[in-house]
Amino acid sequence: MNFPFEAESSLAWIKKRKKVETIVFNIWGSCNGLICLGIRMSPETKEEEDPATREYKKISLPICDGYYSVRYGFGYDNSIDDYQLVSVTDYEYAGSFKIKVYTLGSDSWSTIRTPVPYSVPVDITHGLLFKGALHWLGTTTDQKSSAEVIISFDVSSKRLMGLSFPERSLVRTMNYPIHRRVCKNVAVLGDHLCLAFIECSKVDLWLMQDYGVRESWTKQFTCTRLSLTRRLLCKPIWCLESGEILIQTDQDLVLYDQRNNTTRNVRICGDTMGSNLETYVESIVSLKSGTYVEMPRSRRTMMKDATKSRKTMTRRATRH
């Protein structure tokens, strides 16, 4: 999907900007038919959009001083019936962690003031929305110990907690030599939070059967296919009725058959998919912004022609 949605409108929008050499956008999340896009330019902004209605709203980000890394997440706060953009700022040198929340209805930012004993790696991007909470991979920063966890931030209660990794998987990966790096990805498969461990020879996928309970982690499968083990990203997206699992990698989409341990690449419109991918369910939720992306002329013409054709066929059918 090109921003904003079509090539012609994208070019028209870019031409209005002065002295912009490069415009880069990333998908920061999807919730109830709304997609949150991060657009890198000056000044930096975020856009929330509904592709079904073509409505969008621009969000200005708060100014941060000093060296920092920021991750974002997008979700729904059922306690106030509103959508929120969550900003997690990790000040590396200061050793601090700050959470800011933007509320769509009030068009304002607020700061969450709570002890945050966690750190998020630089290469972690947007939060994964599941059960009303955003999830990032991270580590605890407790003075007594340091452990890898899944950081969970409940959008409604603003509660922050760490979900422990499967105990058996941690024992195994901690004993690996430094050169045998184990990549980890958090995802959702069906109704369960899942965790993928990728090493040079295999991929282990674990499911959390009871959310928040460490003892409920169970290993779903172990895959030894090169199409998955030679990737830095292995994110399950969907489980088909056939039993195959659709998996996103850092280069393409792969269908994995658990029964015979086989994989096959999936191409959409003749192209492979990159890592900037998000699941989306269409809706007509309104942002109440009153701003809409114009439909390109070529598409408007096609839709008008299609409407005229349907009317003509209806008249002919009525006459007969």
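Because the structure is a prediction, the values reported are computed rather than measured.

J.: A description of the nonpolar core should follow, citing residues and the corresponding values.
T.: Formed by 17 residues in total, the largest nonpolar core has its most connected members in Phe221, Leu228, Cys234 and Ile247. Counting only elements with at least two residues in this core, the list comes to β14 (183-189), β15 (192-198), β16 (203-208), β17 (217-223), β19 (245-249) and β20 (253-257). Ignoring sequence-local partners within four residues, the contact set of Phe221 consists of Val203, Asp204, Leu205, Ile245, Ile247, Tyr256 and Gln258. In terms of nonpolar packing, the next biggest core, distinct from the first, is built from 16 residues, Tyr118, Val149, Ile151 and Phe153 among them.

J.: An account of the sheet that holds β19 is needed here, citing residue identities and associated values.
T.: The antiparallel open sheet is built from four strands, whose spatial order is β18-β19-β20-β21. Taken across any chain shown, the strands that pair with only one partner, and hence form the sheet edges, are β18 (234-239) and β21 (262-266). The mean inter-strand angle of the sheet, taken between neighbouring strand axes irrespective of direction, is 30 degrees. Here β20 runs beside β21; their pairing, made up of five bridges, is antiparallel. What sits directly across from Val254, in β21, is Asn265.

J.: An account of the environment of Gln84 is requested, with residue identities and associated values reported.
T.: Within the fold, Gln84 resides in strand β6 (residues 82-91). Exposure remark for Gln84: the relative accessible area of 3% places this residue in the buried category. Counting along the chain gives 24 residues from Gln84 to Ser108, while the straight-line C-alpha distance between them is 9.9 Å. Those residues within four positions of Gln84 in sequence are excluded, and the remaining contacts are Gly73, Phe74, Gly75, Asp77, Val101, Tyr102, Thr103, Val155 and Lys158. At a separation of 3.0 Å, a polar atom in the side chain of Gln84 contacts the side chain of Thr103.

J.: Break down the confidence of the model for the chain for me, citing the residues and quoting the values.
T.: Per-residue confidence for the chain gives a mean pLDDT of 75, with 67% of residues at or over 70. No element of the chain has a lower mean pLDDT than helix α1 (residues 7-16), at 44, and none a higher one than strand β10 (residues 128-130), at 93. Note on residues 1-20: pLDDT under 50 across the span, and 38 contacts to partners over four residues away in sequence or across chains.

J.: Account for the side chain of Asp82, with residues named and values stated.
T.: Along the chain, Asp82 turns up in strand β6. The exposure class assigned to Asp82 is buried, which follows from its relative accessible area of 13%. Engagement of the side chain of Asp82 in a polar contact is seen with the backbone nitrogen of Gly105, the distance being 2.7 Å. Contact partners of Asp82, with chain neighbours within four places excluded, come to Tyr76, Asp77, Thr103, Leu104, Gly105 and Ser106.

The rules behind these values
- Residues numbered from 1 in each chain as written.
- Predicted model: local features only at pLDDT ≥ 70, side-chain atom pairs only at ≥ 80, totals over all residues.
- Heavy atoms only, no water.
- Core = buried A, V, L, I, M, F, W, Y, C linked by side-chain atoms within 4.5 Å.
- Buried < 20%, exposed > 50% of the residue type's maximum accessible area, 1.4 Å probe, protein only.
- Helix = DSSP H or I, 4+ residues; strand = E, 2+ residues; numbered from the N terminus.
- Contact = heavy atoms within 4.5 Å.
- Pairing = 2+ DSSP bridges.
- Axes fitted to C-alpha atoms, helices over the stretch in contact; angles between N-to-C directions.
- Polar contact = N/O pair within 3.5 Å; in protein donor to acceptor, adjacent residues only side chain to side chain.
- pLDDT = per-residue confidence, 0-100.

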